[in-house]
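Notes for the structure review
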Amino acid sequence: MTGRPTAEQIERLFVGPPPRYTRIQVAEISGIPQPFTERIWRALGFATLPDDAVAFTDADVAVLTRVRAMMESGLLDETTVIRMTRALGQTTARLAQWQAEIVIGATLDPGRPPADADLAAVMELARELLPDFERVLVHVWRAQLAAAGTRLLAITDLAEEPAPPTRLTLAVGFADLVSFTRVSRELDEYGLAELVEGFESRAADVVAAHGGRLVKTIGDEVLFTAAEPATAAEIALELGEAVRREGPDVRVGLAYGPVLPMMGDVFGTTVNLAARLTAIARPGSVVVDEALAGAVEGVAGIEVRRIRRRPARGLGVVQPYVLRRP
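A few points on the structure. Predicted model, so just to flag it, every value in this text is computed and none were measured. (Residues numbered from 1 in each chain as written. Predicted model: local features only at pLDDT ≥ 70, side-chain atom pairs only at ≥ 80, totals over all residues. Heavy atoms only, no water.)

**Points about the side chain of threonine 278**
Tracing the chain through its elements places threonine 278 in helix H10 (residues 269–280). For threonine 278, a relative accessible area of 1% puts it in the buried group. There is a polar contact of 3.2 Å between the side chain of threonine 278 and the backbone nitrogen of glycine 253. Polar side-chain contacts of threonine 278 include one of 2.8 Å to the backbone oxygen of alanine 274. If sequence neighbours within four positions are ignored, threonine 278 has contacts with Phe174, Asp176, Arg251, Val252 and Gly253. (Helix = DSSP H or I, 4+ residues; strand = E, 2+ residues; numbered from the N terminus. Buried < 20%, exposed > 50% of the residue type's maximum accessible area, 1.4 Å probe, protein only. Polar contact = N/O pair within 3.5 Å; in protein donor to acceptor, adjacent residues only side chain to side chain. Contact = heavy atoms within 4.5 Å.)

Quick look at the structure:
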């Protein structure tokens, strides 16, 4: 490919043959009512198109036909389809944006505007990598499904009483960079991006190494969970040590109790308490609630120290503890 790539060329590379159908035609061919196909499209994160816009391909029809078959077999109902679709759309949108930024950042010179030849080179690289990326994506997705199932099984085995899968008992941790606002003012945009990415990558490595789950990252803060309190404590202590070696200090808040998993995130009083404990924590410290402190008391390599009671916004007065290495 030579010259500046067009939007049509980009779509052809990633999606395949050009669109042939309007949204009305897609609904008729797939056998799914048009209002429901529009809900699916919006749940995926795409804008609603005019009735006469030719914007859908044979692949779109094939996917909707599969959805109809799953619904007719009773495997999925409309509510579940929309929830699964929204999860797919939001996750892949972030993944696609992230991967595009990585490839472009690795290929183009950030110090000058890209020429047409540079953009053509990015397109050619994407063309070469796409088949392998697709295979890797499917494999990792299946492996992550297996890991999620294993975590749920482990949590069920650890529970003293049976609990519905919509409510789990987990250790929840927040970790955030200390003085992030001040430090960010001293860095240019590339330095700030490097700081945030470095923090997130170290957090992801530490959480994964101990079998926890990195729920989400929010710039200078990460949220993680673990099935066992001792695992969460080790993650928190090791994360503080890892970040402290290479940049600003970090503080961590941990709580142990019931949580509500939803849309890949976790909610509930336990999550709120972990966030409040993070705000209480001093730079370089790990502060935990009474439930987690009791669960790790006597665990080798972890020392628990009670500190004075503190008010926690929205939760009243709480009894925090500090974790440290002996």
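**Regarding the pattern of salt bridges**
Taken as a whole and judged by the stated rule, the model has twelve salt bridges. Its salt-bridge partner being glutamate 124, residue arginine 127 comes within 3.5 Å of it at the nearest N-O pair. One end of the pair is arginine 127 and the other is glutamate 124, both in helix H6 (residues 116–158) and three residues apart, which spans about a single turn. The salt bridge partner of lysine 216 is aspartate 265, with a shortest N-O separation of 2.8 Å. Of this pair, lysine 216 sits in strand S2 (residues 213–217) while aspartate 265 sits in strand S5 (residues 265–267), and the two are 49 residues apart along the sequence. By sharing partners, the salt bridges in this structure join Arg23, Glu38 and Asp51 into a single network. (Salt bridge = Lys/Arg side-chain N within 4 Å of Asp/Glu carboxyl O.)

**Description of the packing of helix H2 (residues 23–30) against helix H3 (residues 34–43)**
Between H2 and H3, whose axes approach to 9 Å, the crossing angle comes to 110°. By the angle class used here, H2 and H3 are roughly perpendicular. Remark: the crossing between H2 and H3 carries right-handed chirality. Between H2, through Arg23, Ile24 and Ala27, and H3, the contact on the second element is made entirely by Gln34, Thr37 and Glu38. Across the contact of H2 with H3, the residue classes break down as two nonpolar, two polar and two charged. (Axes fitted to C-alpha atoms, helices over the stretch in contact; angles between N-to-C directions. Parallel < 35°, antiparallel > 145°, perpendicular 65-115°, else oblique. Left-handed = near helix turned anticlockwise from the far one by under 90°. Nonpolar A, V, L, I, M, F, W, Y, C, P; charged D, E, K, R; others polar.)

**Description of helix H4 (residues 58–72)**
Taking 1.5 Å as the rise per residue, H4 with 15 residues should run 21 Å; its terminal C-alpha atoms sit 21 Å apart, in good agreement. Every buried residue of H4 is accounted for by Val61, Leu64 and Val67. Down the axis, H4 shows its buried residues gathered within 120° of arc, on one side only. On its buried side, H4 packs onto H2, H3 and helix H5 (78–107). Where H4 starts, the residue carrying a side-chain oxygen 3.2 Å from the main-chain nitrogen of alanine 59 turns out to be threonine 57. (Expected span 1.5 Å × (residues − 1). Arc of directions from axis to C-beta.)

**Remarks on the side chain of arginine 310**
Among the structural elements, arginine 310 can be located in strand S8 (residues 310–312). Of the side chains with opposite charge, glutamate 290 comes closest to the buried, unpaired arginine 310, at an N-O distance of 14 Å. Reaching out from arginine 310, the side chain makes a polar contact with the backbone oxygen of arginine 308 at a distance of 3.4 Å. Not counting chain neighbours up to four residues away, the residues in contact with arginine 310 comprise Ile280, Gly316, Val317, Val318 and Pro320. (Lys, Arg positive; Asp, Glu negative; His and termini not counted.)

**Observations regarding the packing of H3 against H5**
Closest axis-to-axis distance for the H3/H5 pair is 8 Å, and the angle between their directions is 30°. By the criterion of interaxial angle, the relationship of H3 to H5 is roughly parallel. On H5, the residues that touch Phe36, Arg39, Ile40 and Ala43 of H3 are Glu78, Val81, Ile82, Thr85, Arg86 and Gly89. Grouping the amino acids of the contact of H3 with H5 by side-chain chemistry returns five nonpolar, two polar and three charged.

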